[in-house]
Amino acid sequence: MQFLKKYVTTHFAHEEKIQLELNYPGYEKHKMLHQEFYNKVLEMEQSHQGGFTTDRELIYISLYVRDWLYHHILLEDVQIGAYVNTRR
Ligand SMILES: [Fe+2]
Ligand SMILES: [Fe+2]
């Protein structure tokens, strides 16, 4: 969880900075999606302060993170690239 928090904080901040520099029209929505995911990570961390008690919990978290990142990259991050291409 520590690694995930550090990684997404750095990655999201970098990505949002690029969007601002590009005047990306989806910036506000994209930033909100990042924030929602980060909040979910914090929530999962708080509810597992004592560690993961079952394999099921660990599997749920790893699948949630994997699916969120996968869909976010394919549905949202990809639109930043598409926007950049329209400006060329
Ligand atoms: Fe993103
Ligand atoms: Fe991203």
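Note that the structure is predicted; figures quoted are calculated from it, not measured.

## Structural notes on unusual backbone geometry
Not every positive phi belongs to a glycine, and N23 is a case in point at roughly 55 degrees. Assignment of secondary structure puts N23 in the loop between α1 (2-22) and α2 (27-46).

## Focus on the nonpolar core
Counting nine residues, the largest nonpolar core consists of L4, V8, F12, F37, V41, M44, I61, V65 and W68. Secondary structure elements with two or more residues in this core: α1, α2 and α3 (55-86). Excluding residues that lie within four positions of it along the chain, V41 makes contacts with M1, L4 and K5.

## Observations regarding the coordination of the iron ion (ligand 1)
Note on the iron ion (ligand 1): its protein donors are E15 (OE), H30 (NE2), H34 (NE2), H72 (NE2) and D77 (OD). The metal-donor distances range over 1.9 to 2.2 Å. In the primary sequence, the donor residues of the iron ion (ligand 1) line up as E-x14-H-x3-H-x37-H-x4-D. Taken as an interatomic distance, the gap from the iron ion (ligand 1) to the iron ion (ligand 2) is 3.5 Å; E15 donates to each of them. Taken together, the residues span a long stretch of sequence, with E15 in helix α1 and D77 in helix α3 at a distance of 62 residues. Using a relative accessible area of 16% as the deciding quantity, one classes D77 as buried.

## Digging into the coordination of the iron ion (ligand 2)
Distances from the iron ion (ligand 2) to its protein donors, namely H11 (NE2), E15 (OE) and D77 (OD), fall within the range 2.0 to 2.3 Å. Spacing between the donor residues of the iron ion (ligand 2) along their common chain follows H-x3-E-x61-D.

So, how was this worked out
Residues numbered from 1 in each chain as written. Chains lettered and ligands numbered in written order. Predicted model: local features only at pLDDT ≥ 70, side-chain atom pairs only at ≥ 80, totals over all residues. Heavy atoms only, no water. Helix = DSSP H or I, 4+ residues; strand = E, 2+ residues; numbered from the N terminus. Core = buried A, V, L, I, M, F, W, Y, C linked by side-chain atoms within 4.5 Å. Buried < 20%, exposed > 50% of the residue type's maximum accessible area, 1.4 Å probe, protein only. Contact = heavy atoms within 4.5 Å. Donors = N, O, S within 2.8 Å, 3.2 Å for Na, K, Ca; no water.

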